[in-house]
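# An overview of the molecular structure
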Amino acid sequence: MAAKIPVEDLTQAQAKAELAMLAREIGAANLAYHQADDPEISDAEYDRLKARNSAIEARFPDLVRSDSPSLQVGAAPSEDFSRIKHSIPMLSLANGFEEEDITDFDERIRRFLNLPAGTSLTYTAEPKIDGLSLSIRYENGKLVQAATRGDGETGENVTANARTVDDIPATLEGAPEILEIRGEIYMSHEDFAGLNARQEEAGAKVFANPRNAAAGSLRQLDASVTKSRPLRFFAYAWGEVSEPLAQTQSGAIERMKELGFQTNPLMKTCVGPDDLISHYRTIENERAQLGYDIDGVVYKVDDLSLQSRLGFRSTTPRWAIAHKFSAERATTKIEAIEIQVGRTGALAPVARLTPVTVGGVVVSNATLHNADYIAGLDSKGNPIRDGRDIRVGDHVTVYRAGDVIPKIEDVDVTQRPAGSVPYEFPKTCPVCGSEVIREEGEAVHYCTGGLVCSAQAVEKLKHFVSRNALDIDGIGAKQVESFYGLGWISEPADIFQLRERYADDLLKLDRWGEKSVENLFRGIEERRTIELNRLIFGLGIRHTGEQAARLIARHYGSWTAFETAMEAARDHEGPEWEDLNAIDGVGPIMAASLVDFFHDAGNRAAVTRLIEQLDVQDVAAPSTDGSPIAGKTVVFTGTLERMTRAEAKARAETLGAKVSGSVSAKTDYVVAGPGAGSKEKKARDLGLEVLSEEEWLNLIG
Ligand code: IVH
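The rules behind these values
- Note on numbering: residues in each chain are counted from 1, in written sequence order.
- Two thresholds apply to this predicted model, a pLDDT of at least 70 for residue-level local features and 80 or more for giving and counting side-chain atom pairs, whereas whole-chain, interface and lining totals are computed over all residues.
- Heavy atoms throughout the structure, all of them, feed into the side-chain values; hydrogens and water do not.
- If DSSP finds at least two bridges between two strands, the strands pair.
- The way it works is that DSSP assigns letters per residue, a run of H or I at least four long becomes a helix, a run of E at least two long becomes a strand, and they are numbered from the N terminus.
- Fitted lines through C-alpha atoms give the axes, limited to the stretch in contact for helices. The angle between two N-to-C directions lies from 0 to 180 degrees.
- The distinction between a cavity and a pocket rests on a 1 Å grid over the protein atoms alone: a 1.4 Å probe fits inside a cavity but cannot get out, while a pocket stays open yet meets protein on both sides within 12 Å along at least five of seven lines, and a residue with an atom within 4 Å of a point counts as lining.
- Grid points are joined across faces, edges and corners, and a volume is the space filled by probe spheres set on the points.
- Note on residue classes: Ala, Val, Leu, Ile, Met, Phe, Trp, Tyr, Cys and Pro are nonpolar, Asp, Glu, Lys and Arg are charged, and everything else, Gly too, is polar.
- Here, proximity means that at least one heavy atom of the residue falls within 4 Å of the molecule or strand.
- For this analysis, a polar contact is any N or O atom pair within 3.5 Å, provided that within protein one partner can donate a hydrogen and the other can accept it, and provided that sequence-adjacent residues contribute only side-chain to side-chain pairs.
- Only the protein chains shown count as cover for residues, and the accessible areas themselves come from Shrake-Rupley with a 1.4 Å probe.
- Any two cysteine sulfur atoms lying within 2.5 Å of each other are counted as a disulfide.
- Exposed residues in this analysis have more than 50% of their type's maximum accessible area, buried residues have under 20%, and partly exposed residues fall in between, with area computed by a 1.4 Å probe over protein chains only.

This part covers the pairing of strand β13 (residues 347-358). The pairing of strand β12 (residues 328-341) with β13 spans 7 bridges and is antiparallel. Looking at β13, one finds that Glu338 is bridged to Val350. In this structure, the hairpin formed by β12 and β13 is closed by a connection of 5 residues, where Gly345 is found at a positive phi of approximately 90 degrees. Where β13 meets strand β14 (residues 361-367), 6 bridges bridge the pair, whose relative direction is antiparallel. Looking at the pairing, Ala351 lines up with Ala366 of β14.

What holds strands together in a sheet is hydrogen bonding between their backbones, with the strands either parallel or antiparallel. One open sheet accounts for 4 strands, arranged β22-β21-β23-β24; its pairing is parallel. The sheet is open, and its two edges are formed by β22 (658-660) and β24 (689-691), each paired on a single side. Averaged over all adjacent pairs, the angle separating strand axes in this sheet is 30 degrees, with direction ignored. Both strand β23 (residues 669-672) and β24 contribute to a ladder of 3 bridges, which runs parallel. Directly across from Val671, in β24, lies its bridge partner Leu691.

Applying the stated rule across the entire model yields 1 cavity of 30 Å³ or more. The space that makes up the largest cavity amounts to roughly 50 Å³. Surrounding the largest cavity, Glu126, Pro127, Ile129, Phe234, Ala235, Tyr236, Ile253, Thr263, Asn264 and Met267 form its lining. Those elements that provide at least two residues to the lining of the largest cavity are β3 (122-129) and β8 (232-241). Class assignment for the residues of the lining of the largest cavity results in 7 nonpolar, 2 polar and 1 charged.

A few words on the site of the ligand. Among the 14 residues in the neighbourhood of the ligand, the closest are listed as Glu126, Ile129, Glu184, Tyr236 and Lys300. One nitrogen or oxygen atom from the side chain of Tyr236 is found 3.3 Å from an oxygen atom belonging to the ligand. Taken by itself the ligand offers 520 Å² of open surface, and the protein chains cover 88% of this. Those elements that provide at least two residues to the shell around the ligand are β3 and β10 (294-301). Per-element tally for the shell around the ligand: the top contributor is β3, with 4 residues. Across the shell around the ligand, the residue classes tally to 7 nonpolar, 2 polar and 5 charged.

Another aspect to go through is the state of the cysteines. Such a bond, covalent and formed between the sulfur atoms of two cysteines, is termed a disulfide. A complete count under the given rule lists 0 disulfides for this structure. Looking at the unpaired Cys432, the closest cysteine sulfur is the one in Cys447, lying at 3.6 Å. Among the residues examined, Cys432 registers a relative accessible area of 27% and is labelled partly exposed.

Printed below as a string of structure tokens:
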């Protein structure tokens, strides 16, 4: 590299060019370090670039770029925004693809509400905008806070950025005292093309699609960058409100429009599923002319009192569904079939494809699910793709639906190369060589290597530190692989002993400077105090996802209570077992997996070692202020006349009660309808309070 011109001698033009280059280089170094977890330059070199950048800026203040590295706080935005806990979680939507999914949705709702046959429900139908959701809080008509969805419970604080968006009013006239407006940030096709052209010219990042451009533009540390980006916003929902906006969904949207928000002009109220599907067709036909991306149509029950009776499943409302458009497709060739071993030991076959663009995104891998899928069979052994199998060298159609990993739709056997042979699924683990088994009735092959299998161990550790689990700053996939390879970590507890055991060795490694080592240890120390749900999820127990972990954490409240219950339920019977199964969102398969995990001596020992390193925080019971049944255990028996069992259970849980299937001395209330039998008798024998449905409704108000 040519020797650097002293800053004092730079001309204006040279300074401008060099600042652009520095912004690119430092930006790339940040990305490599923080997002790809793969630092490309030493800390010292990084510091030199930053210092040079600052010196030039000091001499030419007019040339400071909006994307200047000195305006950014080093890391990837996600870690640099403060967090905001949503007062009401930001949920996602269940998806439907076929018309049948929509008629089922309507039927499910009518059944849940016990509506007489023949009654039709009114819904709203509106485009599903392909952007990112945002919650904007107004207090006394003033914008006070804006947050991204994040994990649904906690989002990123993007208040300053949201204020720069034209579609978002800074003040509202005549709004409720507290009002959280929720909707979608998006970018139009035209603005997206213009932005990318400018980015390209400036040698900056070009975005893959409008959604990424919108997300990248909103999540900027420097709000002036957001301001320079053409973001738009549609309002379609709300969070906390001090008084209801209206009595219907459509009325609430109308109210938002009056308050000055953009609402989607294609929203319409529809009666019954046929009407919904007909509006879906209309929107589908207009899709290409809209000028912004949409990926389906959202249906919502119009009557808000019915919405509240319907309530929520763990992550989605019962009263809404997204009817997705069918996916985008392209044809390409299978270069190879590889097997990835996951943290549970599941062998996942992946197709390596000749890269192809599908709906604006370059696709080079597709999931092949399992051996049956490759062979052309579904989980019940029935043919899929008319029984056509998938082979290396095959020409295939791939499709993408939303953000999910691309899938293979079909194989063009007419183009199959001569001499091609069916794919043979490995009989031993490609990583550790242990035997591979497939259990009766299961589609998936598993490696039997357990902790011996380095792939499983490494994947478990990666999962443990990942964003939705322990979320340890400074340690990601790359670091886990490297520390594992060095023999420094083989189970989660080891991570918390890195400092004590390897602080000096770490400094001797390539690419680790004082600063990055310090960051790593700070990241680890910060997560010694950990929320119970993150810990449960982080253990990586099969079938126990993030949402389930949250429900379980909320149910047990503390690590000790949880662990004791798992221990007590080890034989898959007894009150603790039933209690676990009664958690809404925990099914028998998950329950068995949880209990068996703790029953395994190796797991128990590893968990004990981990807990010694941690301070696990208890979970406060959900706020059910003023609820007369918060914390109580309720059993429903017999027929209910005013609502369905499902609705009664959902209501009770919303009010903070536990609903159990069996009566015991721990039961607080038994609600008995006509036809109640042994449970009611047992309750009376135990001297428990037995309520009629009427009395129950009076109790809960
Ligand atoms: S309603 C409680 N309406 O879709 C449900 N969501 O898959 C609140 N989205 O996270 C969401 N357009 O980001 C709703 N018209 C619309 C939408 C919409 C796009 C997004 C939203 C949500 C995701 C769920």
